[in-house]
Amino acid sequence: MAKPVMKKKKRVSKKSKLSWRKHVNINDVEEFLEDQRLEERLGPPLETLTDDQLFKVDVEPSKQTVSSKERKRKRFLEPPRCFAVLQPHTKVPDPIRKRNRVRTKEERKNDLIKKKEAENRAKGIWKHRELQAIRDQKVNEERKQNDPKRGEFVQNIWDADDQLTENNGWFSKNTVKHNLAGTGKIRKTVKDLKKIKSSVLPTIEMPHPGMSYNPSYDDHQDLLKTVAEKEMKIIKEEEHLNRVTRDMFSKVTAKKRDSMWLQEMSQGLQSASTNDNDNESDSEYKALNPPTKNKKKTLQQRRKQQEQMQLELLKRAAKLSKKKISDIHQLKTLNKQIDKTESKAKILRERRLKNLLLKKKEPKRLSAIKFEETELDFNMGPDITGNLRSLKKEGNLLTERFKSLQKRNVIEPSVRRRRKKSKVKVYTKPGHKEDWITTVAR
Amino acid sequence: MVAKRKKKYASGEGAHFMTRKAALKKLQLSLNDFRRLCILKGIYPREPRNRKRAQKGQAGIKTLYHVKDIQFLMHEPIIWRLRDYKIFNKKVGRARAVKDFESLKKYLNNHPTLKLDHIVKERYPTFLDALRDLDDCLTLCFLFSTFPSIAHVPRDQSALCRRLTIEFLHAVIEAKALRKVFVSIKGYYYQAEIKGETITWIVPHHFSFEPQSRAEVDFKLMSTFVEFYTVMLGFINFRLYHSLNLFYPPKFSVVSQNDDEKSIVDEEVFVSERVAALNFPVSKTSSGEEEEEVEIDTFSTEDTPEKIEEAKIEAEKIKNLKGLFKGLKFFINREVPREPLVFIIRCFGGEVSWDKLLFVGASFDENDESVTHQIVDRPSMDKQFISRYYIQPQWVFDSVNARQLLPVNKYFMGEVLPPHLSPFIDKSRDQQYIPPEEKALYDPEALEELHKKQETDDESEEEEQEDEKLEAEDSEKVDEDEEDTEDEEEEEEGESTKKKKLKVTPGEVYKEVPWEKSKQERQEYKLREKLVKNKHRKLYKSMMAGRQQRAKEIWLLRKKRRLHEEKQKEERKKKKKVEKQTT
């Protein structure tokens, strides 16, 4: 078999557009077009350009001194950089010359109507809607200006002529109603709520004289004494709590604790050896509560019971009648008893009253959190300089006010709640797993 | 027919109370809005008599409100404003998120505002009611006026507080209403009397702001209180200014702006600076006397004549106090806190100025020859004028509390000051220990006594020292003296035996035995004690026991003081001795 030197061109059908495209060589055309596009993009090839087009004589000074102000102004004149995206980035002209665009409302309007409107406006004829808008604007602005601004006080709210509406003792209800008829004021007399003072405590507690910036010796000592007493009380309480809780238990090592725990937990469990013997001995079922038996009484027993009951009743009646007689003789002791109970009740009543008065001075229980009083502010001896310039400030006024409001039951004691951050479970998607590092690429 | 079954907690205490959560649900408000509303309207949580019933059998301790209170809140038009706020916040949040700045601006320009005027009027139907509740308001406003802008507090709140409080101070100055001052380590306590109401407030020291931990104080809550109180204080200021015949946003006729000053600041700032200076009298709407002299009725029915007399004396004292510093000219050195001192001095009719560079509004110079007092707080000064006293600021405070100009010698520059005592202690306490310095403050006799005692102490110290010197010399002479005295005694005995022998004796003048009277009195007293009814006997006994105990305490403290003083005296003596020896 002889090899053919040149492959014979195979005939192919060019019937359809597809097959035509497939089998015709258009490389040269495409190359040409590509060149043309390049030329369009970058300009004509350098060989075709003249020297004048390629080079230019530099006449201007190399460095231009432009002030920052000018530069800024120049930059301001330039179109904003955000519009750069909208500019075409090639020199290729848009193949679609006439792009469709939604025309604005103004553009869509008929020329005749436009002309008419312009004429009207020139004459000073406005549309109803426009007039309304202008009017609204004016009203709104006026209202805004008339509204009293924050911190502007221009009236006496305790005006005398407003007293007619108050339910004072001077006018009868009918008089008030009659006089208020045309005034536009509310004619209904609102029952005013009985305002109960939240606490008997004063708004501002008078300071202890030892809190002066330059206190006398006695006052200062007195203050220190009260502070120390308070502190001692707290310490005592703490010690008591420790004694009652922490110190009551003996300490053991962790190992011992574990062994003890095991022992405790296995209490009552039968050991394997004893278990077997027990199971064998009582294998049969036995109820916990034995069944009841319905035992009947005989007629004789019933009669005797009846008789006993009668006798008992009689005895009781006799005893009562006897007691009535004897009670007459016991009047004195009874009186004494009554007196005793009454006096006891009186003492209790007094004590309760006293406690009530004391309790009034204490803050009420308004929320689950208990009110805690702040400590007294004080300067230690060496801190007292005795002059205003080098005075050492103590205590925080804001905290004191806040606590005072709580103490006077105006606000309930509370703690700042921190919203708990939700626990986020972090995991990698299976697709993103980098398992291949450990498995495939090993 | 069977009667309808009564449900539990449909009546009685269970029906009267409502938990906070139920209240929120009923009012359709968030917790923050509810708290704000409660503060503005003055509704407080209540404590029930029987908690279990009030909580409808629920366990634990819940915050409870009266059902009537909540119903009262339900009618408040402000609730709608609060709901508007909610909507506004949502709109603004959305606009910001989608960067719709045009509508964002529109929303922010038309933000809803809370108008609290009617609530002030509702909570305080009369002006006096408002004055009665002014303590809290003033203290909080003064406190917030020192704050910088903080989170959760409206930006202009502190400036507003500052303006209102300064205006209030002007009103107090014009009314001459200040009565007492106390400088504590916490701040300045002031007490004024306006329309017969005693108003106390605290002003913090003028130090820099110290940041506060949020765990301790709820700032948002406090700023809500301040929000209400600023409105209240504004209306009170308005009323006070008008009752004193003053223009309400304060005006000054004395000062006017120069041309160069106009170029520096605009008029509004200029005026507000003068207001803050506290140094110029506010101009009046009419020149007429607004305050007539109040005379006390002599035909009072209830009071005894002594009480009327007392009240008269008190009124006279207050009248004197109002013009305490009249005619005095003070100059305040730069190390002294300006504002409190200017306020106090101007309240009692004094003239004040300060260094021109320290603050605007200085009216005269340090070189002014007519200055009578210069307030300094430093140990010494280079240049001093002979024509004036150099005193420490405490003199002003103590003089006000004593209601008279105290002698200046104890308050001179560099002197160790006498203690600054609290004027807020009840002066009529007879069953309490009063230190001698304080006693001296209230009655001049005791003051003299104290001075005398100190002088005699000094003298006696000197004498004692001399005595000690002499003792050493005299020790030899003592023996001789003793013999002499024995001889004299023998002679006297001889004379007395002679007198007994005379028969005629002159009639004795009846002498009143001094203790007889007191003895009789005591007996009578005991008889009277017996007349105390059985009903009151126990009370009487406990009262007397209490009195005795307090007396004992006083005695104990006096003794302590005496011992302390003696100890100090000895120490001083020792020091002196040591000094002498060294010299």
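Note that this is a predicted model, so its numbers are computed, not measured.

## As for the overall build of chain A
A tally of regular secondary structure across chain A gives 15 helices and zero strands. For chain A, the accessible area works out to roughly 42800 Å², and carbon and sulfur atoms hold 55% of it.

## Section: the overall build of chain B
Looking only at helices and strands, chain B features 22 helices and nine strands. Long-range pairs, those at least 24 residues apart, make up 62% of the contacts in chain B between residues at least 6 apart in sequence. As presented, chain B carries roughly 37200 Å² of accessible surface, and 51% of it is formed by carbon and sulfur atoms.

## Some details on the interface of chain A and chain B
Each partner contributes residues to the interface: chain A has 64 residues there, and chain B has 95 residues. Buried area between chain A and chain B, both sides added, is near 7000 Å², and the carbon and sulfur share of it is 62%. On the chain A side of the contact with chain B, A:Phe153, A:Trp158 and A:Leu398 bury the most area, a combined 13% of that side's loss. The interface formed by chain A and chain B contains eight salt bridges. Between A:Arg408 and B:Asp136 there is a salt bridge, and its shortest N-O distance comes to 2.8 Å. At the junction of chain A and chain B, the tally comes to 24 residue pairs in polar contact (both at pLDDT 80 or more). Sorting the residues of the side of chain A that touches chain B by element identifies α9 (217-244) and α14 (397-407) of chain A as the ones contributing at least two each. In terms of residue count, α14(A) provides more of the side of chain A that touches chain B than any other element does, seven residues in total. A breakdown of the residues in the side of chain A that touches chain B according to their chemical character gives 26 nonpolar, 18 polar and 20 charged.

## Some details on the pattern of salt bridges
Opposite charge on two side chains allows them to pair when their charged atoms are near. As enumerated under the stated definition, the model contains 39 salt bridges over all chains in all. One salt bridge connects B:Asp156 with A:Arg150, and the closest N-O pair in it is separated by 2.9 Å. Taken together, the positions of B:Asp156 in the loop between α10 (134-144) and α11 (157-175) and A:Arg150 in the loop between α7 (128-146) and α8 (173-179) put the pair across two chains. Looking at A:Arg150, the relative accessible area reads 44%, which means it is partly exposed. With a closest N to O distance of 3.2 Å, A:Arg257 and A:Asp258 form a salt bridge. One salt-bridge network, in which partners are shared between bridges, spans A:Asp377, A:Glu400, A:Arg401, A:Arg408, B:Asp136 and B:Lys186.

## Focus on the sheet that holds strand β4 (residues 187-194) of chain B
Residue and element names in this part refer to chain B. Strands sit in the order β3-β4-β5 across an open sheet of three strands; the sheet is antiparallel. Two strands lie at the open edges of the sheet, namely β3 (178-183) and β5 (197-204), each paired on one side alone. Going from strand to strand, the sheet's axes swing by 15° on average, the running direction of each strand aside. As judged from the eight bridges shared by β4 and β5, these two strands associate in the antiparallel manner. The residue of β5 that forms the bridge with Tyr188 is Val203.

## A word on a positive patch on the surface
Taken together, the side chains of A:Lys346, A:Arg349, A:Arg352, B:Lys519, B:Arg522, B:Lys526, B:Lys530, B:Lys533, B:Lys535, B:Arg537, B:Lys538 and B:Lys541 make up a positively charged region of the molecular surface. Mapped onto the positive patch, the elements with two or more residues apiece are α13 (331-360) of chain A together with α21 (514-530) and α22 (534-582) of chain B. Inspection of the secondary structure assignment puts B:Lys541 in helix α22. The exposure class assigned to B:Lys541 is exposed, which follows from its relative accessible area of 56%.

## Let's talk about the packing of aromatic side chains
Residues and elements named next belong to chain B. Applying the stated criterion to the full structure yields 25 aromatic pairs over all chains. Where Phe168 meets Trp201, the ring centres are 5.5 Å apart and the plane angle is 80°; that geometry is what we call edge-to-face. Of the two residues, Phe168 sits in helix α11 while Trp201 sits in strand β5, which places them 33 residues apart along the sequence. Both residues of the pair, Phe168 and Trp201, count as buried. Ring plane angle 55° and centroid distance 6.3 Å describe the contact between Tyr188 and Phe397, whose orientation is recorded as tilted. Note that Tyr188 is positioned in strand β4 and Phe397 in helix α17 (residues 394-402), a separation of 209 residues in sequence. Here Tyr188 matches Phe397 in class, with each residue buried. Taken together, Phe142, Phe168, Tyr188, Tyr190, Trp201, Phe343 and Phe397 form an aromatic cluster joined through their ring pairs. Just above the ring of Phe364 sits the side chain of Lys329; from NZ or CZ to the centre is 4.6 Å. Arg388 extends its terminal NZ or CZ atom over the ring of Phe385, reaching a point 4.1 Å from the ring centre.

## Regarding the nonpolar core
General note: in soluble globular proteins, nonpolar side chains tend to be found buried as a group. Of all hydrophobic cores here, the largest spans 129 residues; its most connected members are B:Leu178, B:Trp201 and B:Phe343. Looking at which element gives the most residues to this core, the answer is helix α12 (residues 219-243) of chain B, with 15 residues.

## Brief notes about the packing of α10(B) against α11(B)
Residue and element names in this part refer to chain B. At a minimum axis separation of 8 Å, α10 and α11 run at an interaxial angle of 125°. One way to sum up the angle between α10 and α11 is to call them oblique. Here the hand of the crossing between α10 and α11 comes out left-handed. For the pair formed by α10 and α11, the contact residues are Leu134, Leu138, Cys141, Phe142 and Phe144 on the first element and Gln157, Ser158, Cys161, Thr165, Phe168 and Leu169 on the second. Partitioning the contact of α10 with α11 into residue classes produces eight nonpolar, three polar and no charged.

## As for the sheet that holds strand β8 (residues 373-375) of chain B
Residue and element names in this part refer to chain B. Spatially, four strands are ordered β7-β6-β8-β9 in an open sheet, and the strand pairing comes out parallel. Each end of this open sheet is capped by a strand with a single partner; those strands are β7 (351-354) and β9 (389-391). Between one strand axis and the next, the sheet turns through 25° on average, direction left out of account. In the packing of helix α16 (residues 338-347) onto the sheet, contacts are made with β6 (329-332), β7 and β8, and the angle to β7 comes to roughly 160°.

## Here's the deal with unusual backbone geometry
We note that B:Tyr9 has phi near 65°; this positive angle belongs to a residue other than glycine. Note that B:Tyr9 resides in the segment before α1 (13-16).

## Examining the confidence of the model for chain B
Residues and elements named next belong to chain B. A residue-level look at chain B finds 84% of positions with pLDDT of 70 or above and a mean pLDDT of 85. Here helix α20 (residues 478-500) stands out as the element of chain B with the lowest mean pLDDT, 49, in contrast to helix α2 (residues 20-27), whose mean of 96 is the highest. Per-residue pLDDT stays below 50 along residues 475-494; that stretch engages in zero contacts with residues further than four places along the chain or on separate chains. Confidence metrics for the complex model read pTM 0.70 and ipTM 0.77.

Rules and cut-offs
Residues numbered from 1 in each chain as written. Chains lettered and ligands numbered in written order. Predicted model: local features only at pLDDT ≥ 70, side-chain atom pairs only at ≥ 80, totals over all residues. Heavy atoms only, no water. Helix = DSSP H or I, 4+ residues; strand = E, 2+ residues; numbered from the N terminus. Areas by Shrake-Rupley, 256 points an atom, 1.4 Å probe, with all protein chains shown as cover. Contact = heavy atoms within 4.5 Å. Buried area = accessible area lost by both parts, 1.4 Å probe. Salt bridge = Lys/Arg side-chain N within 4 Å of Asp/Glu carboxyl O. Polar contact = N/O pair within 3.5 Å; in protein donor to acceptor, adjacent residues only side chain to side chain. Nonpolar A, V, L, I, M, F, W, Y, C, P; charged D, E, K, R; others polar. Buried < 20%, exposed > 50% of the residue type's maximum accessible area, 1.4 Å probe, protein only. Pairing = 2+ DSSP bridges. Axes fitted to C-alpha atoms, helices over the stretch in contact; angles between N-to-C directions. Patch = residues over 30% accessible without salt bridge, like charges linked within 9 Å, V, L, I, M, F, W, Y side chains within 5 Å. Lys, Arg positive; Asp, Glu negative; His and termini not counted. Charge placed at Lys NZ, Arg CZ, Asp CG, Glu CD. Phe/Tyr/Trp six-rings, centres within 6.5 Å; stacked < 30°, edge-to-face > 60°. Lys NZ or Arg CZ within 6 Å of the ring centre and 35° of its normal. Core = buried A, V, L, I, M, F, W, Y, C linked by side-chain atoms within 4.5 Å. Parallel < 35°, antiparallel > 145°, perpendicular 65-115°, else oblique. Left-handed = near helix turned anticlockwise from the far one by under 90°. pLDDT = per-residue confidence, 0-100.

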